[in-house]
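Residue-level structure breakdown
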Amino acid sequence: MNTIEDTIKAIDAMAASLLLTEYASSRPDLIELYERAKSKQWSAADLPWETPYPARGLFVDERMLSLYGTPYYQAMSPVRRAEYNRLETAWVLSQFMHGEQTSMLVCGQLMAALPELDAKFYAASQGYDEARHTEVYRRYVGERLGLVYEIDEQLRFLCDTALKAPDWAMKLVANQVVIESLALGAFKTLFEAAQDTLLAELLARVMQDEARHIAFGRLALERALVECDEPTRARYEDFLATCTQMMYYGFFPAAVFRDLGLDDVPQLRAYVNASEQRRLFRSNLFPQLIPSARSIGLITDRTIGRYRALGIDVA
Ligand SMILES: [Fe+2]
Ligand SMILES: [Fe+2]
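Residues numbered from 1 in each chain as written. Chains lettered and ligands numbered in written order. Predicted model: local features only at pLDDT ≥ 70, side-chain atom pairs only at ≥ 80, totals over all residues.

What about the overall build of the protein?
When its secondary structure is counted, the protein shows 13 helices and zero strands. Expected size for 315 residues packed as a compact globule is a radius of gyration near 20 Å; at 20 Å, the protein falls within 12% of this value. Each principal axis of the C-alpha distribution contributes one length, and for the protein these read about 65 × 45 × 35 Å. Taking as baseline every contact in the protein between residues at least 6 positions apart, the subset at least 24 positions apart corresponds to 81%. (Helix = DSSP H or I, 4+ residues; strand = E, 2+ residues; numbered from the N terminus. Rg over C-alpha atoms; globule rule 2.2 N^0.38 Å. Contact = placed C-beta atoms within 7 Å.)

As structure tokens, this is what we get:
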């Protein structure tokens, strides 16, 4: 099984670093976002790490577990339900942690590769945000939940694309549009389900930062997409459509089911796909991602059918 360490070792392509000779400020919109980022910094130490554990060991509302309401869940004893609750929460938060570390690395690459100094400043501030996010998830998963899961195969594909992209615009599409939107949608879903007040507070703070990161993607890409040639633009559009399809069906906590001794994967996939958790995730993700991607030209008439085929509202 691949781990995030394998992913890191596999990086063999990245955008060229640009040491700029032009120091004049040209992007007041990015500077404003950078100033906001600096004024909103917080520390992992600000979180109430000593909060007592949630009642009955249920970290999230059981109705938001991917197998809730299925015969598998009904057959579990209360002790087994609590264990499943901890394992699935650990799996979800492990994915967040792997995604955050990836974003931190991509920010380092963007800092080097972006062609405007104001954008480099912002990428530097975001890198610090992502370091803090990786830190708080590492602590929550390691100390509170006591186990870390490997990276999901589909998430690894997204992370690899962002890390290995040879041009900065593709890195922005992968990291600032796809991974950030996915993160915000998934964080919101878990926030709404959280029964551990420490988890809810942690997610609320991280989400405030992620909203800025999405805004950066939009501002940094708008002009770049207008200026790039058609084949390049088509490549970005196709990538977003492929990722949207992947995110629609979502990630599958195979390792959790393996640890629970459940092995009927097709049946499990069908249950997960029809779960309330998945429905809520879609409703937290797509209404934010789709209009934003459409407004900057990442969804055009050429690819719109792929979204409609999934039943996603693309006005
Ligand atoms: Fe983050
Ligand atoms: Fe982020």
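With respect to the packing of helix α2 (residues 28–39) against helix α5 (residues 117–145)
For the pair α2 and α5, the least separation of the axes is 9 Å and the interaxial angle reads 25°. In terms of axis orientation, α2 runs roughly parallel to α5. With respect to the hand of their crossing, α2 and α5 are arranged in left-handed fashion. Together, Leu-30, Ile-31, Leu-33, Tyr-34, Ala-37 and Lys-38 of α2 and Asp-118, Ala-119, Phe-121, Tyr-122, Ser-125, Gln-126 and Asp-129 of α5 make up the contact between the two elements. The class makeup of the residues in the contact of α2 with α5 is eight nonpolar, two polar and three charged. (Axes fitted to C-alpha atoms, helices over the stretch in contact; angles between N-to-C directions. Parallel < 35°, antiparallel > 145°, perpendicular 65-115°, else oblique. Left-handed = near helix turned anticlockwise from the far one by under 90°. Nonpolar A, V, L, I, M, F, W, Y, C, P; charged D, E, K, R; others polar.)

Topic: the nonpolar core
In this structure, Tyr-122, Val-173, Val-178 and Leu-240 are the most contacted members of the largest nonpolar core, which totals 82 residues. With 15 residues, the single largest contributor to this core is helix α7 (residues 168–193). Non-local contacts of Tyr-122, meaning those with residues more than four positions away in its chain, are made with Leu-30, Leu-33, Tyr-34, Ala-37 and Phe-216. (Core = buried A, V, L, I, M, F, W, Y, C linked by C-beta atoms within 7 Å. Buried ≥ 20, exposed ≤ 12 C-beta atoms within 10 Å, placed from the backbone.)

Quick word on unusual backbone geometry
In this model, Arg-56 sits at a positive phi of 60°, which is unusual for a non-glycine residue. With respect to the element layout, Arg-56 can be found in the loop between α2 and α3 (71–74). In this structure Arg-56 comes out as exposed when scored by C-beta crowding, with 12 C-beta atoms within 10 Å.

Examining the environment of Ser-94
Among the structural elements, Ser-94 can be located in helix α4 (residues 78–113). Judged by the 25 C-beta atoms lying within 10 Å of it, Ser-94 is buried. Distance from Ser-94 to Leu-147, taken between C-alpha atoms, is 8.6 Å for residues 53 residues apart in sequence. For Ser-94, the contacting residues outside a window of four places in its chain are Val-141, Val-148 and Tyr-149.

Some thoughts on the packing of α7 against helix α9 (residues 230–249)
For the pair α7 and α9, the least separation of the axes is 11 Å and the interaxial angle reads 25°. As summarised for this structure, α7 and α9 are arranged roughly parallel, according to the angle between their axes. Our pair here, α7 against α9, has a crossing hand that is right-handed. The segment α7 lies against α9, with Met-170, Val-173, Val-177, Val-178 and Leu-182 engaging Tyr-236, Phe-239, Leu-240, Cys-243 and Met-247. In terms of residue class, the contact of α7 with α9 is built from 10 nonpolar, no polar and no charged.

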